[in-house]
Amino acid sequence: MLLAACGGSQSPEAPAAAGGDETSGSAEGDGAAATDAGETRELTMQLGWIASNNQLGEIVAQAEGFYAEEGIELTIEPGGPNVDGVALVASGQADIGQLSSSPSLMLAVSEGIPVKAFATGAQEHPYTYFSMPETPLDSAEDLAGLHVGTQATGEILLDALLAANDMSRDDLADFTAIGAEITPLLAEQVDVWTGWLTNTQQLNQLPEGHHQLRLWDAGVQLYALPYYARTDLIENDPEVLEAFLRATAKGWQFAQDNFDVAIDHLLAAYPNLEREAEEEGAQVILEYVMAETALADGWGAMDPDVWQAQLDLWDELGQFQGEKPALEDIVTLELLDTTADARQVR
């Protein structure tokens, strides 16, 4: 149904070394000029997962003609376990990418891959720890003495949570790497299970009165669904990315205002999806896309302090193989600044 988080129910795409700075299907130039001339600029957006309600805004922007109004023809390329989206964007085979979680981008940049984040899809990360009704989980300290089960990709997130709260794995009863299914928690094989709050199909199996603790609320604030592009595209052709941001923001606003129509567009684009599941998941993802930060600073907004805190924590955890990236190496706020009026949420 929904994509996996970094450390979520499935493994996200792993950053891999890639080179090249040629843009596939996109010659350098002025995107606004192409629009004025009546020309269409082709853009490819590479995902790390199979598209579903996480791309609701983009699908709406396509169907309602918002991209066409900006002179853009957007192609959304699906990903999967064997698709390295960062490498495809860095090598010019795609123009824009989207990652499940912000640490993947930081790690890619630390390896010398020339990409930067220029907006984020979800204002807060929905990655969460879940426990059964008899096991309170109101704070990180409640993990002490518990048997925690998480996916292999979530191991670093557990370490980050513990470090942010002056704890270590010694405070846990045990840690077990488990799969994507919630079964180990329901069968009481583990005390705590991890996943995204948007993964409603799994969470609907939990009994009434279960407990949940978001990673965000436990002191580790990551971004979900960040958009990124090659640094040369950001520097040499910002107009086309600005056009993308304006149209995509309009798509998400339309989805919020016209939910049933938005789901119709999604199912028309991807007929294999189930309406009930996508409606339920889309309602949750909209809460994160249109969260408090978006209401204040517009759709796609990012806080540099949030990024810096992530950088510092991942450095503390020894996650960077090379030198710790600087904030300006991994994120640019210029495109958000130049599109501020168009991104305002009503």
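Our subject is the structure listed above.
Everything quoted here is computed from the prediction, not taken from an experiment.

Criteria and cut-off values
Counting starts from 1 at the beginning of each chain's written sequence and moves along it residue by residue. Totals for whole chains, interfaces and linings use all residues, but because this is a predicted model, local features are given only for residues with pLDDT of at least 70 and pairs of side-chain atoms are given and counted only at 80 or more. Hydrogens and water are ignored here; the side-chain numbers use all heavy atoms of the structure. Each helix is a run of DSSP H or I of at least 4 residues and each strand a run of E of at least 2, with the numbering of both proceeding from the N terminus. Each residue's exposure class comes from its accessible area (1.4 Å probe, protein chains only) as a fraction of the maximum for that residue type: buried when under 20%, exposed when over 50%, partly exposed otherwise. Here, Shrake-Rupley sampling with a 1.4 Å probe gives the accessible areas, and only protein chains in the shown set may cover a residue. Here a residue-residue contact requires only that any non-hydrogen atoms of the pair lie within 4.5 Å. Any Lys or Arg side-chain nitrogen found within 4 Å of a carboxyl oxygen on Asp or Glu counts as a salt bridge. The rule for pairing is simple: two strands pair if DSSP sees at least two bridges between them. Call a crossover right-handed when, viewed with both strands pointing away from you, the route from the first strand across the helix to the second goes clockwise. Here, axes are lines fitted to C-alpha atoms. For helices the fit covers the stretch in contact, and angles between N-to-C directions go from 0 to 180 degrees. Polar contact is the term for a pair of N or O atoms within 3.5 Å; when the atoms are in protein, one must be able to donate a hydrogen and the other to accept it, and sequence-neighboring residues count only if both atoms are side-chain atoms. Only Phe, Tyr and Trp rings are paired, with Trp represented by its six-membered ring, and only when their centres lie within 6.5 Å; those with planes under 30 degrees apart are stacked, over 60 edge-to-face, the remainder tilted.

> Which parts of the structure should I look at to understand the overall build of the protein chain?
When its secondary structure is counted, the protein chain shows 16 helices and 10 strands. Residues counted as buried form 58% of the 346 residues belonging to the protein chain. By element, 44% of the accessible surface of the protein chain is carried by carbon and sulfur atoms, the whole surface being about 13,500 Å².

> Please clarify how the environment of A291 should be interpreted in this entry.
Secondary-structure assignment places A291 in the loop between α12 (275-289) and α13 (292-297). Between the C-alpha atom of A291 and that of A122, which follows or precedes it by 169 residues, the distance is 7.8 Å.

> Would you take a moment to explain helix α11 (residues 259-269) for this structure?
Residues three or four positions apart in an α-helix share a direction because the helix packs 3.6 residues into each turn. Among the residues making up α11, those that are buried are F259, A262, I263, H265, L266 and L267. Packed against the buried residues of α11 are α2 (56-63), α10 (238-257) and α12.

> I keep staring at the pattern of salt bridges and nothing clicks. Help me out?
Inspection of the entire model under this criterion finds 12 salt bridges. Among the salt bridges present, the one from E69 reaches K250, with a minimum N-O distance of 3.2 Å. Here the residue E69 occupies a position in helix α3 (residues 66-69), and K250 occupies one in helix α10, the gap between them amounting to 181 residues. A salt bridge links R275 to D264, with the shortest nitrogen-to-oxygen separation between them at 2.8 Å. Placement of R275 in helix α12 and of D264 in helix α11 is noted, with a sequence separation of 11 residues between them. Look at D264 and you get partly exposed, because its relative accessible area is 40%. Each of E124, R214 and D217 takes part in salt bridges that share partners, so that together they form one network.

> What exactly am I supposed to notice about helix α5 (residues 102-110) here?
Counting buried positions along α5 gives nine out of nine residues, so the element sits mostly inside the fold. Within α5, burial applies to S102, P103, S104, L105, M106, L107, A108, V109 and S110. The secondary structure elements touched by the buried residues of α5 are α4 (85-90), β4 (115-122), β10 (224-230), α14 (304-316) and α15 (327-330). Positive backbone phi, approximately 85°, marks G112, located one or two places after α5.

> When you look at the pairing of strand β5 (residues 127-131) in this model, what are you seeing that I'm missing?
The side chains of a regular strand alternate, first on one face of the sheet and then on the other. With five of its five residues buried, β5 lies for the most part within the structure. Where burial is concerned, the two faces of β5 agree: the one with Y127, Y129 and S131 and the one with T128 and F130 are both buried. One ladder, built from four bridges, connects β5 with strand β9 (residues 211-214); its direction is antiparallel. Across the sheet, the residue bridging to Y129 is L213, located in β9.

> What should I look at first to understand the pairing of strand β6 (residues 147-150) in this one?
As judged from the four bridges shared by β6 and strand β7 (residues 174-177), these two strands associate in the parallel manner. Each residue of the ladder has a partner; that of T150, found in β7, is A177. Between β6 and its parallel partner β7, the chain crosses via helix α6 (residues 155-164), and the hand of that crossover is right-handed. In this structure, β6 lies alongside strand β8 (residues 192-196), joined through two bridges in parallel fashion. Note on β8: the bridge partner recorded for G149 is W193.

> Looking at this structure, how should I read the sheet that holds β10?
What the five strands build is an open sheet, ordered β2-β1-β3-β10-β4; its pairing is mixed. Only two strands of the sheet have a single neighbouring strand rather than two, namely β2 (72-77) and β4. Strand-to-strand twist in this sheet, taken as the mean axis angle between neighbours without regard to direction, amounts to 25°. Pairing of strand β1 (residues 41-46) with β2, which is carried by six bridges, proceeds in the parallel orientation. When the sheet's bridge partners are listed, R41 is paired in β2 with I72. Against the sheet, α2 engages β1, β2 and β10, with an angle of about 140° to β2.

> Help me understand the environment of T200 in this model?
Looking at the secondary structure, you find T200 in helix α8 (residues 200-203). Remark: the alpha-carbon pair of T200 and E278, spanning 78 residues in sequence, is separated by 9.3 Å.

> For this particular structure, what's the right way to read the side chain of R214?
Mapped onto the elements, R214 comes out in strand β9. Within polar-contact distance, the side chain of R214 engages the side chain of D217 at 2.9 Å. Once you skip the residues sitting within four places of it in the chain, R214 turns out to touch E124, H125, Y127, T128, L197 and Y288.

> What should I look at first to understand the packing of aromatic side chains in this one?
The description of an aromatic ring pair rests on the distance of the ring centres and on the angle between the ring planes. What the rule picks out here adds up to nine aromatic pairs. Ring geometry for F66 versus F254: centroids 6.2 Å apart, planes at 65°, classification edge-to-face. Placement of F66 in helix α3 and of F254 in helix α10 is noted, with a sequence separation of 188 residues between them. You'll find F66 and F254 in the same group, each marked buried.

This is a description of form; function is not addressed.
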